[in-house]
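Chain residues, written in single-letter form:
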Amino acid sequence: MSYEPKLAAALSGATLRQLSQWRSAAGASGPLLTPELSAARPILYSFRDVVALRACVRLREEASLQMIRRALNTLRDGLDERKHLSSYRLVADRDTIYLAAPDHAVDLVRSKGNVVIHDLVDVLAPFYRDGRHIPALLAPRPYVSIDPAVRGGEPVIEGTRIPAAEVAALVRDGITPEQIGDFYPGVTTEAARDAVAFADYVDSYLDPQLRQAAS
């Protein structure tokens with residue numbers, strides 16, 4: 001499954017502008033995160049990329065973009081840690097960013113050696129950003145789920161392999177949520193409404209001009 005920027009933004013909490021910035025190099029620093037599947041048009045993110053993007057969004061709540069880039073430079077060049085960014089747990093306070101291990105953490109900005117931290121952020125859990133609720137990554141709606149083992153991580157109706165986008169498209173084409181079961185017997189009325197609500201949420205990440213053109 002590949003995630004276009006709009007869906008990657010909706011699932012991570014980043015804006016489309018941030019995704020563009022984070023794909024670009026800054027001076028001597030490389031990109032914050034290069035899309036794993038396609039960095040050129042069409043730009044396509046992987047599930048691991050979305051997890052990493054959520055981590056970056058949470059880091060930005062406490063740290064500047066410059067500090068994040070510096071921490072990642074230390075991670076990659078200083079510690080020679082070059083696995084995908086989603087493989088690491090990074091924690092920020094207002095002064096530094098830590099690489100967290102089960103029993104200690106490494107300061108990536110101030111180079112103070114190992115320290116102990118207690119508040120680890122679960123990047124898969126829901127959170128708020130600028131007043132907007134960013135849903136849980138694996139369950140963005142009660143009846144919509146995301147599992148890398150099911151259709152490669154495409155959002156589906158909970159307990160099925162039915163793409164939520166297909167259900168939402170039917171409702172938007174005039175099929176009522178109550179009638180969806182005639183097309184997909186495994187989809188309840190409530191699940192159909194959740195699929196539409198999730199599609200509306202994803203579409204809210206469109207640029208205003210593009211949203212107006214699509215309406």
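Residues numbered from 1 in each chain as written. Predicted model: local features only at pLDDT ≥ 70, side-chain atom pairs only at ≥ 80, totals over all residues. Heavy atoms only, no water.

Details of the pairing of strand β2 (residues 97-100)
Neither face of β2 is exposed, since Ile97 and Leu99 on one face and Tyr98 and Ala100 on the opposite face are all buried. In terms of strand pairing, strand β1 (residues 89-92) meets β2 through 4 bridges, oriented antiparallel. Residue Val91 lies in a different strand from β2, and its bridge partner there is Tyr98. One ladder, built from 3 bridges, connects β2 with strand β3 (residues 105-107); its direction is antiparallel. (Buried < 20%, exposed > 50% of the residue type's maximum accessible area, 1.4 Å probe, protein only. Helix = DSSP H or I, 4+ residues; strand = E, 2+ residues; numbered from the N terminus. Pairing = 2+ DSSP bridges.)

What about the packing of aromatic side chains?
Using the criterion set out here, one finds 2 aromatic pairs in the structure. With a centroid separation of 5.5 Å and 75° between ring planes, the pair formed by Tyr201 and Tyr205 is classed as edge-to-face. Take Tyr201 and Tyr205: they sit in the same class, and that class is buried. Ring pairing ties together the aromatic residues Phe198, Tyr201 and Tyr205, which thus form one cluster. One residue, Arg132, lies across the ring of Tyr205, its end atom 4.4 Å from the ring centre. (Phe/Tyr/Trp six-rings, centres within 6.5 Å; stacked < 30°, edge-to-face > 60°. Lys NZ or Arg CZ within 6 Å of the ring centre and 35° of its normal.)

Some remarks on the confidence of the model for the chain
For the chain, per-residue confidence averages 90 on the pLDDT scale, and 90% of positions sit at 70 or higher. Every residue in residues 209-215 scores below 50 in pLDDT, and together they form 3 contacts with partners more than four places removed in sequence or on other chains. (pLDDT = per-residue confidence, 0-100. Contact = heavy atoms within 4.5 Å.)

Section: the pattern of salt bridges
Under the defined criterion, the tally for this structure stands at 11 salt bridges. Between Asp77 and Arg82 there is a salt bridge whose closest N-O contact spans 3.0 Å. The same class applies to Asp77 as to Arg82, namely exposed. The closest approach of N and O atoms between Arg129 and Asp130, which form a salt bridge, is 3.8 Å. Classification of Asp130 as exposed rests on a relative accessible area of 74%. (Salt bridge = Lys/Arg side-chain N within 4 Å of Asp/Glu carboxyl O.)

Section: the side chain of Ser145
Among the structural elements, Ser145 can be located in strand β7 (residues 144-145). In this structure Ser145 touches Leu138, Ala139, Pro140, Glu154, Pro155, Val156 and Glu158, once residues within four positions along its chain are discounted.

Quick word on unusual backbone geometry
Cis geometry is adopted by the peptide bond preceding Pro42, which originates at Arg41 and carries an omega value of 0°. Considering the arrangement of structural elements, one finds Pro42 in the loop between α2 (16-22) and α3 (47-60). Look at Asp80: it is not a glycine, yet its phi comes out positive at around 55°. Along the chain, the position of Asp80 falls in the loop between α4 (65-78) and β1. Residue Asp80 is classed as exposed on the basis of its relative accessible area of 55%.

Some points on helix α7 (residues 189-203)
Spanning 15 residues, α7 covers 21 Å between terminal C-alpha atoms, matching the ideal 21 Å at 1.5 Å per step. Burial runs high along α7: 11 of the 15 residues are buried. Those residues of α7 that fall on the buried side of the exposure criterion are Thr189, Ala191, Ala192, Asp194, Ala195, Val196, Phe198, Ala199, Tyr201, Val202 and Asp203. (Expected span 1.5 Å × (residues − 1).)

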